[in-house]
Amino acid sequence: MEEDGKKPHKCKHLGCDKTYVSLRYLRAHETKEHTGCPPECKLCEEFRNRRKTRKKHEDDDIPILMELPQKLCERLMDGNDKMLNNSYLVPLPRTPSVRAILQDFIKTLQDKEIADFAISFYTLFCEMVGPFLLYEIEKKQYQQILTLVKSNDEIGDYYGGEHLLRLVAKLPQIAYEIRFDKMDELKEFLEHLAHFMEENSETIFLEKFFRINPDQKTLF
């Protein structure tokens, strides 16, 4: 039992200083604030009901730009837990890769403008995965990938759905903050992509990660 007034459970996400009395409340915070969890998420319903202050995006005057499907939120939460608390990594290279996922996604599209977004999205993923989408525990793995690729465009051939989903969750707020001028088109694209990933989750996502051995020289 925790001592009165103590909040030993601290959020480990970069730039977040939230602390909580119980691990359950911390998990609810991570799900809602760091994974794009939708309002109807049962995992944090009790937590939201107990909060006395408004949600962070309301405090910062940031609108809810996109709500991820429930199953994708749960996958993000599970990945957060594995990375932050259990020293697990996604085994790389992944099959299907980010490139392959987006190529399959494009084949399902009727709207050329959305398809054009998908092509640009792949390039964006390759540029953002290193600086913005990795946990500290994954950065050594990323550095090893850089020694294997001949160009930035090949990075997406190593990563898969787990990391692609992180970009889907993070991009709406990033785009809003930089005043991206095609927010409606971006939202439509991301909603289509999220639906595609949910519908094909059994082939896109891994069920098992692997635990890091501190003496391991290579993380593949």
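Here, every reference points to the structure presented above.
Along each chain, residue indices are assigned from 1 in the same order as the chain's sequence is written. For this predicted model, a pLDDT threshold of at least 70 governs which residues receive local features, and a threshold of 80 or more governs which side-chain atom pairs are given and counted, while totals over whole chains, interfaces and linings are taken from all residues. Only hydrogens and water are set aside when side-chain values are computed; all heavy atoms of the structure are taken into account.

Enquirer: Help me out: how do you make sense of helix α5 (residues 98-107) in this one?
Expert: Think of an α-helix as turning once every 3.6 residues; residues three or four places apart then point the same way. With a 1.4 Å probe rolled over the protein chains alone, any residue whose accessible area is under 20% of its type maximum counts as buried; one over 50% counts as exposed, and the rest are partly exposed. Starting at the N terminus, helices and strands are each numbered in turn, a helix being any DSSP run of H or I of at least four residues and a strand any DSSP run of E of at least two. Every buried residue of α5 is accounted for by Val 98, Ile 101, Leu 102 and Phe 105. End-on view of α5: buried residues confined to an arc of 90°, all on one side of the axis. Here, residues are in contact when the closest pair of their heavy atoms is within 4.5 Å. The inward-facing, buried residues of α5 abut α6 (112-132), α8 (161-177), α9 (183-199) and α10 (201-204). The directions from the helix axis to the C-beta atoms are what the arc is built from.

Enquirer: Mind showing me how you'd approach the packing of α6 against α9 here?
Expert: How two helices pack is summed up by the angle between their axes together with the distance between the axes. α9 packs onto α6 with a crossing angle of 80° between their chain directions and a minimal axis gap of 10 Å. The angle between α6 and α9 places the two elements in the roughly perpendicular class. Where α6 abuts α9, its residues Glu 113, Ile 114, Phe 117, Ala 118 and Phe 121 lie against Glu 185, Leu 186, Glu 188, Phe 189, Leu 190, His 192 and Leu 193. The residue makeup of the contact of α6 with α9, split by class, is eight nonpolar, one polar and three charged. Where helices are involved, their axes are fitted lines through C-alpha atoms of the stretch in contact, as for all axes, and angles between N-to-C directions lie from 0 to 180°. For classification purposes, angles smaller than 35 degrees are called roughly parallel, those larger than 145 roughly antiparallel, those between 65 and 115 roughly perpendicular, and all remaining angles oblique. Each residue is assigned to one class: nonpolar for Ala, Val, Leu, Ile, Met, Phe, Trp, Tyr, Cys and Pro, charged for Asp, Glu, Lys and Arg, and polar for all the others, Gly among them.

Enquirer: Just checking my understanding: could you explain the pattern of salt bridges for this structure?
Expert: Any two side chains of opposite charge can pair, so long as their charged atoms come close to each other. The term salt bridge refers to a pairing of a side-chain nitrogen on Lys or Arg with a carboxyl oxygen on Asp or Glu at a separation within 4 Å. Applying the stated criterion to the full structure yields seven salt bridges. With a shortest N-O distance of 3.8 Å, Lys 107 and Asp 104 are connected by a salt bridge. You can see Lys 107 and its partner Asp 104 sitting in helix α5, three residues apart, about one turn around the helix. We classify Lys 107 as exposed; its relative accessible area is 68%. The class of Asp 104 is partly exposed, set by a relative accessible area of 35%. A salt bridge links Asp 116 to Lys 112, with the nearest nitrogen and oxygen atoms 3.1 Å apart. Taken as a pair, Asp 116 and Lys 112 lie in helix α6 at a separation of four residues, close to a single helical turn. In this structure Asp 116 comes out as partly exposed when scored by relative accessible area, which is 35%. Owing to a relative accessible area of 60%, Lys 112 belongs among the exposed residues under this scheme. Through salt bridges with shared partners, a single ionic network connects Arg 99, Asp 153 and Asp 157.

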